[in-house]
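# Survey of secondary and tertiary structure
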Amino acid sequence: MSETDDILSMRLRSHIKQVALERDIYFNRLTHFSVREYVRDQLAMHGDVHSHQFEVRGELFENLVLDIPGHDGGCSSPVLIGAHYDGVVGSPGADDNASGVAVLLELGRSLTADPPPYPIRLVAFDLEEMGLLGSRAYATHLKGQGEHLRLMLSLEMLGYCDSTPGSQRYPFGLSVWYPKQGDFIALVGDVLSIRDMRRLGHAFRQTGTPCEWLAAGLRGMIVPATRRSDHASFWDAGYRAMMVTDTAFLRNPNYHTAGDRPDTLDVEFLAHVYVGLEKGVRSLR
């Protein structure tokens, strides 16, 4: 790796260290709060962070929102990029989803310093693990406001890689079409986002990360595993959306366990994912 790659990997590791803590809202409220405030502080380095509050069982929770204007100054619809910062009981959640949050925070740095022509909106969602509650509240809010999105991207577990043959599993009927080793990044989108999946996939492959994609019809209802992240909330609200993922439990044996620790991640793989994603986001038209 070059010196630039080493610096990127160091930053990603630093974010993961701060977020990969047991941070569920049942037994680790204080850590959940500290992780949220870390994410807020990191995003606030790049602009004003807005709080989107939503209520669950009489209690308020927060999605954190950073808007990055496009460099052409126009008012086109934004590309929304989101990652959830909450976790499950008993797991530090390094891959799920400190890896996604780390990439989100690094995108905040690079896209603010050199914005694309169109606006970007970065959102850190809460309560994904309770049933996509934060993203559902936010997607419903946007729909109620009549706000359009160019595309929504959900960053859901990005840092686990295993090149061993047989390390990658699939929902029933899909294994014949895809690799048997878990060393690629996957894009899961709706039919309307096929063109964008191709663009992003090309950007990943150009930067050295193998990429596979799947168009999930009927908002993912045919293959329920394709709905297990915040993009599904935007599908249901009528927005074009896709998930960027290392395929979670279909690859990572530490999913939702105490074993989902930072030392199990491949940070070099994660850095390549970040580079490909940033290039892909800039390629959208």
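Described in the following lines is the structure provided in the data block. Everything quoted here is computed from the prediction, not taken from an experiment.

With that out of the way, let us pick up the nonpolar core. If you look at the biggest cluster of nonpolar residues, it comprises 51 residues, and the most contacted ones within it are Ile81, Val103, Ile120, Leu153, Leu155, Val244 and Leu277. Of the residues forming this core, the biggest block, nine residues, is contributed by helix α3 (residues 94-113). In this view, Leu153 contacts Leu80, Ile81, Gly82, Leu200, Met242, Val244, Leu277 and Val281; residues no more than four positions away in its chain are not counted. Listed in part, the 17 residues of the second largest apolar core include Ala139, Val188, Trp235 and Ala241.

Next up on the list: the sheet that holds strand β2 (residues 59-68). Backbone hydrogen bonds are what pair the strands of a sheet, in a parallel or an antiparallel way. Pairing is mixed in the open sheet, where eight strands are placed in the order β1-β2-β4-β3-β5-β8-β6-β7. Here the strands that pair on one side only, and so sit at the sheet edges, are β1 (49-56) and β7 (211-215). Averaged over all adjacent pairs, the angle separating strand axes in this sheet is 20 degrees, with direction ignored. The pairing of strand β3 (residues 79-84) with strand β5 (residues 151-156) spans four bridges and is parallel. Considered in β5, the bridge of Gly82 is made with Ser154. Across the sheet, helix α2 (residues 29-44) lies against β1, β2 and β4 (120-125), angled at about 20 degrees from β2, the strand it touches most. With respect to the sheet, α3 is in contact with β2, β3, β4 and β5, its orientation differing from that of β3 by roughly 145 degrees.

Tallied over the full model, the rule gives 17 salt bridges. Between Arg36 and Glu37 there is a salt bridge whose closest N-O contact spans 2.9 Å. A salt bridge links Asp236 to Arg136, with the nearest nitrogen and oxygen atoms 3.0 Å apart. A residue pair is termed long-range when its members are at least 10 positions apart, and Asp236 in helix α6 (residues 231-236) and Arg136 in helix α4 (residues 133-145) qualify at 100 residues. Since its relative accessible area comes to 30%, Arg136 is described here as partly exposed. One continuous salt-bridge network, built from bridges that share partners, spans Arg36, Glu37, Arg40 and Glu62.

Before going further, it helps to examine the environment of Glu268. With respect to the helices, strands and loops of the structure, Glu268 is situated in helix α7 (residues 267-283). The spatial distance from the C-alpha of Glu268 to the C-alpha of Asp48 is 31 Å, given a sequence separation of 220 residues.

So, on to α7. Taking 1.5 Å per residue, 17 residues should reach 24 Å; α7 reaches 24 Å between its end C-alpha atoms and fits that length. Within α7, 12 of the 17 residues are buried, which leaves the element mostly enclosed by the surrounding structure. Among the residues making up α7, those that are buried are Val267, Phe269, Leu270, Ala271, Val273, Tyr274, Gly276, Leu277, Glu278, Gly280, Val281 and Ser283.

So, about the environment of Glu22. Relative to the helices and strands, Glu22 resides in the loop between α1 (3-19) and α2. Taking the C-alpha atoms as reference, Glu22 lies 9.0 Å from Asp86; in sequence the two are 64 residues apart. If we skip the residues at most four places from it in the chain, Glu22 touches Asn28, Thr31, Gly90, Ser91 and Pro92.

Reading the values: the criteria
Residues numbered from 1 in each chain as written. Predicted model: local features only at pLDDT ≥ 70, side-chain atom pairs only at ≥ 80, totals over all residues. Heavy atoms only, no water. Core = buried A, V, L, I, M, F, W, Y, C linked by side-chain atoms within 4.5 Å. Buried < 20%, exposed > 50% of the residue type's maximum accessible area, 1.4 Å probe, protein only. Helix = DSSP H or I, 4+ residues; strand = E, 2+ residues; numbered from the N terminus. Contact = heavy atoms within 4.5 Å. Pairing = 2+ DSSP bridges. Axes fitted to C-alpha atoms, helices over the stretch in contact; angles between N-to-C directions. Salt bridge = Lys/Arg side-chain N within 4 Å of Asp/Glu carboxyl O. Expected span 1.5 Å × (residues − 1).

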